[in-house]
Amino acid sequence: GVVFKSAKKKKGMSVGFLTFEAAEQVKSATELLEGKSVGNEKLKVGDVIPRSCDEKIKSAQKRYQNVIPGVTDETEATMASNVNENGESVKSSVTKGKTARDAVTPLAHLPYIEQLEQKKNSLMQLLKKLTRNARKACPKGVALPEWVIKSREIGGLSCKLEGIIESPLINGYRNKCEFSVGYSVQGKPTVGFMLGNFREGVTAVEEPTDCPNVSRVACNYALIFQDFLQDSALPIWNRFNNAGFWRQLTVREGRDPQNDVEANILEVMLIVQVSTEGCNEDVINSELEKLTQAFVRGAASASPPLPLTALALQAEDVMSSLLRQYNDSEEQDDITIPSEKQHGTTENQTISVDNEAGPEVCTNEVNMDADHVWALIKQSRVCRTIPLKMGGLQSSTSKMWLQLLILHGLDFILLYISCNPETLMANAIELCTPLSETTEKGRKGQGWRNMSNAGLARHRLKSMPKSEPFQPVKAMAVDLFPHTPHCELVMLLER
C-alpha cells in the first residue's frame, strides 16, 4: 500500500493532497498511483505548486521557531518576518507599528460621523452593483424589470437607501470577545487579537487595550490571563503544527441596558479554550487551579472590582465548569455550563408555523420537505421568518426557502436583514431578475471557484425555473459595529 503522513481532499474538488515524511515515500507512492484506474478515470500524480501565501507562512514559522536571532524590537521583527529563506523580501500584513487597534477597528481614527458616511457610501455602491448585475443577468428577449429602468432616476441605485441608523453605543459595545493566545511581535506570550490572517504569514497577537470596541472589563481579564501565561508550565498554542495547551479566552458579559457601558456589566462568564492532547493530567489540574485563583484574585483586586459569575473550561468538544459562582453572596445556586454539543443545534434554526399562534423558532433541525413547508405557509397569513447564516441563502435549509420564494407565485413582502450586504446583493440578483421560459445548463468545470458573489448569482440564475421576480423597494442601513467597516443592511422586496 501507499505509506503517507496525511491526506486531504476538499468537498467538490477532484484533486486530493498527500503529505509524506520522506522522499522515498513520495517515489514509492508515485509509482503505485500514477495511471491507476479509479472507475472510468486514471489517476495523475504531480507535485504541489506552492500558493502565494506559502512563503509568508514559511518565513513566519521560521521566526516562531527562533531561527531568526537578534530580533529585539517590533521594527526588526517585522523586517525579519518579511524575508524568505532566499533572502528575498515578501509582503506582510504586519506593517511597521501596526497595533491590534489598527487590525480590529480600522476606522477608529475617524470621527463617528465620518465612519457612518463612509459606510453609507459603500452600501450605495453595492446597491448600484445590484442594478448592474440584474441588467447583465436579464436574458435576451426579456424586458428589463421596471426597477432597473427607474434606477436611472436615483443615480443607478436599485432602490432608495433611506439612511443609516447609528449605533446606540460607540465604545465598549462588544459583549462577547474571543481573545487569541499567541506571541507578540517581540515574542512575549500575549492574549489579544491577531494582527492579520494566518494565510498571509501573520501570527503575531497584540493586547486589546486600545481597541475602542472592547470594554474595560474584557481588557482586564485578558491582561490577567496574559500575566498568568508568563510563568505557566503548559505551552501556548502553536498555529503551525496545531499543538499546545492554551488556545483562547472568551469573555461574555451580561449587561443592564439602562446604565452606562461600564456600570451595566452585571455578569461575566469566562471560557478558557484548551487542547489537552499530549499534556500530563496532573500538570493540567495544577495549572487550572492556579488559573482559577488568578482570575478570582484579579477580579477582586481591580478597582472597581470586576464581576465574575462563571469560569468554564472548553477542551475539544466538552465544556466543564471551573468556578461555579463568584460574588459576595453565600447563598447562590450553582451555574450550569452546558456542553458545546448541546449548543450546536442553535445555529440551524428552522421554522414551524401554527395557524393561530403564528411562526415559532425551533432550536432543532426539522426534517421537512419543501412541499410540506409550503403547505404550512399557505395556511398561515402571518409573517414568515427565514433564518439565515452568515453566507446568506446558500445553506441546505436556506436554499429550500429560496426555491420556495422563486417557484411559488404568491404575493409576498420580503424583509431581508443581512449582516453581510455582499450576500444580500447576490441573493437579490436571484430574487429580482426576470427569467426566460427555458432554463440553461450551468457552466461545467471549476471556473466558478474564481467567481465573485454576483457572478455566482448570475451563473445560478441560468438553471432556475421561471417565476415572478421580486423588486427592491427600499433599504436601510443599521450600524452595529462602530470603528469597523461592517454594517447591517435591511432591504424590503415585494412582488
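Each value, and the rule that gives it
Residues numbered from 1 in each chain as written. Predicted model: local features only at pLDDT ≥ 70, side-chain atom pairs only at ≥ 80, totals over all residues. Heavy atoms only, no water. Helix = DSSP H or I, 4+ residues; strand = E, 2+ residues; numbered from the N terminus. Buried < 20%, exposed > 50% of the residue type's maximum accessible area, 1.4 Å probe, protein only. Contact = heavy atoms within 4.5 Å. Areas by Shrake-Rupley, 256 points an atom, 1.4 Å probe, with all protein chains shown as cover. Pairing = 2+ DSSP bridges. Axes fitted to C-alpha atoms, helices over the stretch in contact; angles between N-to-C directions. Core = buried A, V, L, I, M, F, W, Y, C linked by side-chain atoms within 4.5 Å. Arc of directions from axis to C-beta. Salt bridge = Lys/Arg side-chain N within 4 Å of Asp/Glu carboxyl O.

Draft legend 1. Looking closely at the overall build of the protein. Across its full length, the protein carries 13 helices and 17 strands. Across the 495 residues of the protein, 40% fall into the buried class. Pairs at least 24 apart in sequence give 63% of the contacts found in the protein among residues at least 6 apart. Summed over all atoms, the accessible surface of the protein reaches about 28,400 Å², with 50% contributed by carbon and sulfur.

Draft legend 2. Structural view of the sheet that holds strand 16 (residues 471-478). Read from one edge to the other, the open sheet built from four strands follows the order 5-16-17-15, with strand pairing classed as mixed. On the outer flanks of this sheet lie strand 5 (160-165) and strand 15 (413-418), each paired with one strand and no other. Each strand axis lies, on average, 15 degrees off the axis of its neighbour in the sheet, ignoring direction. In terms of strand pairing, strand 5 meets strand 16 through four bridges, oriented parallel. Bridged to L161 within strand 16 is A475. Across the sheet, helix 5 (residues 112-137) is in contact with strand 5, strand 16 and strand 17 (488-494); its angle to strand 5 comes to roughly 150 degrees. Along the sheet, helix 12 (residues 421-432) makes contact with strand 15, strand 16 and strand 17, crossing strand 15 at roughly 155 degrees.

Draft legend 3. Geometry of the nonpolar core. Residues F179, Y221, F225, W246, V272 and F295 are the most contacted members of the largest nonpolar core, which totals 41 residues. By residue number, the principal contributor to this core is helix 7 (residues 216-229), which donates nine residues. Sequence-distant contacts of F179, that is, excluding residues within four places in its chain, are made with V191, G192, F193, P208, V214, A218, A222, R247, Q248, L249 and V251. Listed in part, the 34 residues of the second largest apolar core include L130, C159, L161 and A426.

Draft legend 4. Local environment of the pairing of strand 7 (residues 189-194). Along strand 7, five of the six residues are buried, which leaves the element largely enclosed by surrounding structure. Two strands pair when backbone bridges link them, and strand 6 (residues 176-183) and strand 7 are joined in this way by four bridges, in the antiparallel orientation. Bridging across to strand 7, S180 finds its partner in G192. In this antiparallel pair of consecutive strands, strand 6 and strand 7, the connection spans five residues, and G187 shows a positive phi of 90 degrees. Bridge count for strand 7 against strand 8 (residues 205-206) is two bridges, and the pairing is antiparallel. If you follow M194 over to strand 8, its bridge partner there is V205.

Draft legend 5. Up close: helix 1 (residues 23-33). Buried within helix 1 we find Q25, A29 and L33. Projection of helix 1 onto a plane perpendicular to its axis shows the buried side chains occupying an angular sector of 50 degrees, all on one side. Facing away from the buried side of helix 1, by more than 90 degrees, are the exposed residues A23, E24, K27 and E31. The secondary structure elements touched by the buried residues of helix 1 are strand 2 (17-19).

Draft legend 6. Main features of unusual backbone geometry. The linkage connecting S303 with the following residue, P304, adopts the cis geometry, with an omega of -5 degrees. Looking at the element boundaries, P304 is found in the loop between helix 8 (281-301) and strand 11 (310-315). Of note, the phi angle at H483 is positive, near 75 degrees, even though the residue is not glycine. Along the chain, H483 turns up in the loop between strand 16 and strand 17.

Draft legend 7. Representation of the pattern of salt bridges. Inspection of every chain in the model, using the stated rule, returns seven salt bridges. Linking K129 and E422 is a salt bridge whose minimum nitrogen-to-oxygen distance equals 3.9 Å. With K129 in helix 5 and E422 in helix 12, this pair connects stretches of sequence that are 293 residues apart. For K129, a relative accessible area of 25% puts it in the partly exposed group. Across the salt bridge formed by E253 and R255, the nearest N and O atoms sit 2.5 Å from each other.

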